[in-house]
Amino acid sequence: MSSSEALIENRTFDEIEIGESASLEKRLTMDDIKLFAVMSGDVNPAHVDEAFARSSRFHELIAHGMWGGALISTVLGTKLPGPGTIYLGQTLRFRAPVTLGDQIRVRVTVREKDEQKGQVVFACECRNQEDALVLDGEARVLAPTEKVSRPRAVMPSIRLAEQGKLAETLAETGDATPVTAAVVHPVDIESMQALDAAVRQGLIRPVLVGPGGRMQAAADDAGVDISGYEQVATRHSHGAAQTAVGMAAAGDVATLIKGGLATEELLGKLIDPAGGLRTERTPSQVMAYDVPTYPRPLLIADPLVNIHPGLFEKRDIVRNATGLAHALGIHEPRVAMLSSSEAIDPKLSSTLDAAAICKMADRGQVQHAIIDGPMAFDAAISAATARARGLESPVAGRADVLIAPDLEAASMLVKQLSHLADARGAGLLLGLRLPVVMSARDDDVASRIAGIALMHRYLDHRARSGQSAMAAAMG
């Protein structure tokens with residue numbers, strides 16, 4: 001940027017001359033359309049829905065009309081007259097659509113000056129790359145009387161966080177068949193709103209398990225009618241957890257959804273061998289995220305159950321995570337066994353476990369996944385980092401699943417992604433006889449609904465896989 005471009009300077013009323021003009025050029029991009037829609041709330045499908053736009057009179061996406069008006073405002077506020085200008089009025093006539101890729105030249109020209117009022121009238125026009133007029137009008141401003149010359153403000157860059165692939169996948173419920181779900185101790189507004197939304201989406205038939213009075217109070221606060229839902233009354237949260245687990249063990253429900261009770265209170269009942277839900281596999285939590293800076297869904301395990309997992313526990317953690325990946329349509333997920341580096345170090349047990357898991361995969365003990373490790377986090381998710389380190393791997397730079405070395409590392413990783421990288425998603429407790437939606441008490445309604453949709457997707461995939469296996473056996 002030159003020294004003149006680094007400054008923003010105005011033209012005072014006395015300096016402005018009739019016929020004087022200023023201009024700028026801007027090419028319309030999809031990001032411009034999306035940002036304008038986000039800022040204004042104008043999501044007219046003519047601007048943001050490509051399929052709809054193809055059937056419109058213009059047959060393609062067009063810019064919001066006021067996008068051109070905003071460019072006129074930019075010239076008036078930053079160039080002529082510049083800082084200190086006060087808008088008094090603007091007329092606009094829309095002559096032709098502005099489409100993606102159009103290079104728009106905006107020009108304002110001084111038409112008249114009102115010496116008594118200090119006002120200036122500008123003729124305004126926007127033309128495209130073919131010099132066709134797309135917008136014109138007239139602006140009336142109160143021009144500045146004092147000279148202003150200041151450093152040009154450096155604005156922050158903006159990254160659009162699109163709805164990611166995971167969100168799209170979970171939204172594809174189609175003709176969903178609701179599953180019977182015990183909602184454990186739903187005594188908070190978020191739990192009630194989430195289960196109500198899940199019912200309306202056709203995902204669940206809820207059975208509310210908890211203290212009747214508190215559940216009704218939460219429903220009233222949430223504006224949810226629970227009179228039509230089955231309810232099982234318990235005296236307290238501990239009883240709700242025990243009752244819900246018993247219902248699951250008896251086959252009365254297909255899944256459990258955690259409500260407003262402590263994680264440890266429900267988890268203890270779930271993983272208790274006497275509870276009837278344990279299998280030969282180690283249970284573990286698998287989180288599934290859309291991360292705005294990552295081009296595919298990212299699954300992470302295990303931030304909830306296994307504090308210091310051993311080799312065979314890690315094998316089961318991998319199996320649980322890959323099972324969820326398959327349910328999400330990732331047929332051969334790339335799994336990175338995380339550690340601090342790619343070097344195997346006998347002093348660092350996570351590197352030895354990672355190498356052993358990879359050998360298990362080579363020999364068919366872990367199937368339907370591509371596994372590599374040990375691998376540092378940055379190498380697992382960044383192709384540039386992997387290339388710089390000379391790391392040749394089918395997983396490096398494009399991992400679908402990250403297996404952390406222990407609970408602490410996994411917990412820090414998922415919280416950093418959520419709070420610093422705007423990651424959105426949910427998790428399931430897997431490895432039991434049925435999946436469990438283990439929402440945290442501070443999760444918002446959208447996250448809770450995502451967890452329920454994730455559970456429904458997992459159960460649907462498991463049912464389809466079972467049907468395929470039975471058909472193959474009978475064929």
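Residues numbered from 1 in each chain as written. Predicted model: local features only at pLDDT ≥ 70, side-chain atom pairs only at ≥ 80, totals over all residues. Heavy atoms only, no water.

Chemist: Can you walk me through the sheet that holds strand β14 (residues 334–338) in this structure?
Modeler: Strand pairing within a sheet occurs via backbone hydrogen bonds; the two strands may be parallel or antiparallel. Read from one edge to the other, the open sheet built from eleven strands follows the order β10-β9-β8-β11-β18-β17-β12-β13-β16-β14-β15, with strand pairing classed as mixed. A single partner strand is all that each edge strand has here, and the edge strands are β10 (230–233) and β15 (370–375). Helix α11 (residues 349–362) rests against β14 and β15 of the sheet, and its axis sits at about 160 degrees to β15. Helix α14 (residues 407–420) rests against β12 (284–290), β13 (298–301), β14 and β16 (401–403) of the sheet, and its axis sits at about 145 degrees to β13. (Pairing = 2+ DSSP bridges. Helix = DSSP H or I, 4+ residues; strand = E, 2+ residues; numbered from the N terminus. Contact = heavy atoms within 4.5 Å. Axes fitted to C-alpha atoms, helices over the stretch in contact; angles between N-to-C directions.)

Chemist: Would you mind going over the pairing of strand β17 (residues 424–430) with me for this structure?
Modeler: Put simply, side chains in a regular strand alternate between the two faces of the sheet. Most of β17 is tucked away, with six of its seven residues classed as buried. As paired elements, β12 and β17 share seven bridges and run antiparallel to each other. Bridged to V286 within β17 is L428. Bridge count for β17 against strand β18 (residues 436–437) is two bridges, and the pairing is antiparallel. Within the sheet, the bridge partner assigned to L428 lies in β18 and is V437. (Buried < 20%, exposed > 50% of the residue type's maximum accessible area, 1.4 Å probe, protein only.)

Chemist: What exactly am I supposed to notice about the side chain of N128 here?
Modeler: In this structure, N128 sits in the loop between β5 (119–127) and β6 (133–142). Classification of N128 by relative accessible area gives buried; the value is 10%. Within polar-contact distance, the side chain of N128 engages the backbone nitrogen of A132 at 3.0 Å. Residues within four places of N128 in sequence aside, it is in contact with Q103, I104, R105 and V134. (Polar contact = N/O pair within 3.5 Å; in protein donor to acceptor, adjacent residues only side chain to side chain.)

Chemist: What exactly am I supposed to notice about the packing of aromatic side chains here?
Modeler: The description of an aromatic ring pair rests on the distance of the ring centres and on the angle between the ring planes. Counted according to the given criterion, the structure contains zero aromatic pairs. For K113, the ring lying beneath its charged end belongs to F13, and the centroid distance is 4.4 Å. The ring of Y294 has R296 sitting right over it, with the charged end atom 5.5 Å from the ring centre. (Phe/Tyr/Trp six-rings, centres within 6.5 Å; stacked < 30°, edge-to-face > 60°. Lys NZ or Arg CZ within 6 Å of the ring centre and 35° of its normal.)

Chemist: Would you mind showing me how to read α11 here?
Modeler: For an α-helix, 3.6 residues make a turn, and residues three or four places apart therefore share a direction. With 14 residues, α11 extends 20 Å between its outermost C-alpha atoms, agreeing within 8% with the 20 Å of an ideal straight helix rising 1.5 Å per residue. Along α11, the residues classified as buried are S350, T351, D353, A354, I357, C358, M360 and A361. Buried residues along α11 sit in contact with α10 (311–327), β14 and β15. G364, located one to two residues past α11, shows a positive phi value of around 80 degrees. (Expected span 1.5 Å × (residues − 1).)

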